[in-house]
Amino acid sequence: MGTLDSQIRVGEVAIGGGRPLVLIAGMCVIESEDALLNVGHRLCEICERLGIPLVLKSSFDKANRTSVDAFRGPGLDEGLAILDRVRARLGVPVTTDVHLPSQAAAVAEVAELLQVPAFLCRQTDLLEACAKTGRPVNVKKGQFQAPWDMGAVVEKLRANDCHSILLTERGTTFGYNELIVDFRSLPELARHGTPVCFDATHAVQKPGGNKTHTGGDRDLAPVLAKAAVAIGVDAIFMEVHETPELALSDGANSLRLSEVEALLSQLVALDALVKRG
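In this report, we go over the structure that sits alongside the text. (Residues numbered from 1 in each chain as written. Predicted model: local features only at pLDDT ≥ 70, side-chain atom pairs only at ≥ 80, totals over all residues. Heavy atoms only, no water.)

Concerning the pairing of strand 8 (residues 165–169)
With 5 of 5 residues buried, strand 8 is to be regarded as a mostly interior element. The alternating pattern of strand 8 places Ile165, Leu167 and Glu169 and Leu166 and Thr168 on opposite faces, both of which are buried. Two elements, strand 7 (residues 137–140) and strand 8, share 4 bridges in a ladder whose sense is parallel. Among the inter-strand pairings, Lys140 is bridged to a residue of strand 8, identified as Thr168. Pairing of strand 8 with strand 11 (residues 196–199), which is carried by 3 bridges, proceeds in the parallel orientation. (Buried < 20%, exposed > 50% of the residue type's maximum accessible area, 1.4 Å probe, protein only. Helix = DSSP H or I, 4+ residues; strand = E, 2+ residues; numbered from the N terminus. Pairing = 2+ DSSP bridges.)

Here it is, written out as structure tokens:
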């Protein structure tokens, strides 16, 4: 969406600067190494057929689960080891959430892109720790945050010599247990001089909407993804699962793996049309 100067590199993947759409996708949380490897392998096959660059995503810890009893993931050490092995097997860059400043250096040893969760986007110590790793940093815009206010987030990163920054829109709080997407946010985010990503699956969450866990409406995710690509975003983020009904986190808004290729083929065609224009 931005200028050529706003392009960043995640491993061998270029994002922004008028480049073709990039996919950031994977399981919400690492349920097992085999499960992540299977999803990653399928995504690699799809992306190779469609000619779309892939950054594989999964979390070693879901630190903001609704219930104290909810599955959080394998933890930092085991989770990073799994991500490292899957990355080596598939030959694609990976990204994962960083929740604490003390985690940043360890995550940067494995992940080519560090992800700051939306709830933590204003945490100065966390942003500074991620910036100092030298890795590109993807910050998800807080559900409570105006897009123009993300300029302060960008400046915190740049003040610590991080200039490879990606900003992600993932919806805005709209009353209780609801999110809404204001698509004016996308060009507003681009004005900060960074590439822009749209998180199609978290944007259809109903946070805490099922009392003990977060709800969502995955059927709306493709609709929002197409709208974002029509505006000209640089990347699309989506969480996918082979059987979303059995997912251990965010199943209600995760896309079914068997339906991803059809959607991506439409997004790639739409992206090519928009960026030619």
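Side note on helix 4 (residues 124–131)
Within the span of helix 4, buried status applies to Leu126, Leu127, Ala129, Cys130 and Ala131. Where helix 4 is buried, its residues touch helix 3 (104–108), strand 6 (113–116), strand 7 and helix 5 (150–158). (Contact = heavy atoms within 4.5 Å.)

Here we look at the pattern of salt bridges
Following the criterion strictly, the structure yields 16 salt bridges and no others. One salt bridge in this structure joins Glu112 and Arg87, with 3.2 Å as the shortest N-O distance. Here Arg87 lies in helix 2 (residues 76–90) and Glu112 lies in the loop between helix 3 and strand 6, a separation of 25 residues in the sequence. (Salt bridge = Lys/Arg side-chain N within 4 Å of Asp/Glu carboxyl O.)

Quick look at the packing of aromatic side chains
One pass over the structure, following the stated rule, counts 1 aromatic pair. Taken together, a centroid distance of 5.7 Å and an interplanar angle of 45° make the contact between Phe183 and Phe198 tilted. In this pair, Phe183 is assigned in the loop between strand 10 (179–180) and helix 6 (185–190) and Phe198 in strand 11, connecting sequence segments 15 residues apart. Note that Lys140 overlies the ring of Phe237, its terminal NZ or CZ placed 3.7 Å from the centroid. (Phe/Tyr/Trp six-rings, centres within 6.5 Å; stacked < 30°, edge-to-face > 60°. Lys NZ or Arg CZ within 6 Å of the ring centre and 35° of its normal.)

Description of the packing of helix 4 against helix 5
As a packed pair, helix 4 and helix 5 sit with axes 8 Å apart at the nearest point and diverge in direction by 45°. As judged from the angle between their axes, helix 4 and helix 5 are oblique. The crossing of helix 4 and helix 5 is right-handed. Only Val153, Lys156 and Leu157 of helix 5 make contact with helix 4, whose side of the interface consists of Thr124, Leu127 and Ala131. For the contact of helix 4 with helix 5, the per-class residue count stands at 4 nonpolar, 1 polar and 1 charged. (Axes fitted to C-alpha atoms, helices over the stretch in contact; angles between N-to-C directions. Parallel < 35°, antiparallel > 145°, perpendicular 65-115°, else oblique. Left-handed = near helix turned anticlockwise from the far one by under 90°. Nonpolar A, V, L, I, M, F, W, Y, C, P; charged D, E, K, R; others polar.)

Let's talk about unusual backbone geometry
Its identity as a non-glycine residue notwithstanding, Asp161 has a phi of 65°, on the positive side. Structurally, the position occupied by Asp161 is in the loop between helix 5 and strand 8. Despite not being glycine, Asp250 shows a phi value in the positive range, around 60°. Relative to the assigned elements, Asp250 resides in the loop between strand 14 (235–241) and strand 15 (255–256). For Asp250, a relative accessible area of 12% corresponds to the buried category.

Some details on empty space enclosed by the protein
Counting across every chain of the model gives 1 cavity of 30 Å³ or more. The calculated volume of the largest cavity comes to roughly 30 Å³. Along its surface, the largest cavity is lined by Met27, Cys28, Val29, Glu31, Val240, His241, Ala247, Ser249 and Ser254. (1 Å grid on protein atoms, 1.4 Å probe; cavity = no way out; pocket = protein on both sides within 12 Å on 5 of 7 lines; lining within 4 Å. Points joined across faces, edges and corners; volume = space filled by probe spheres on them.)

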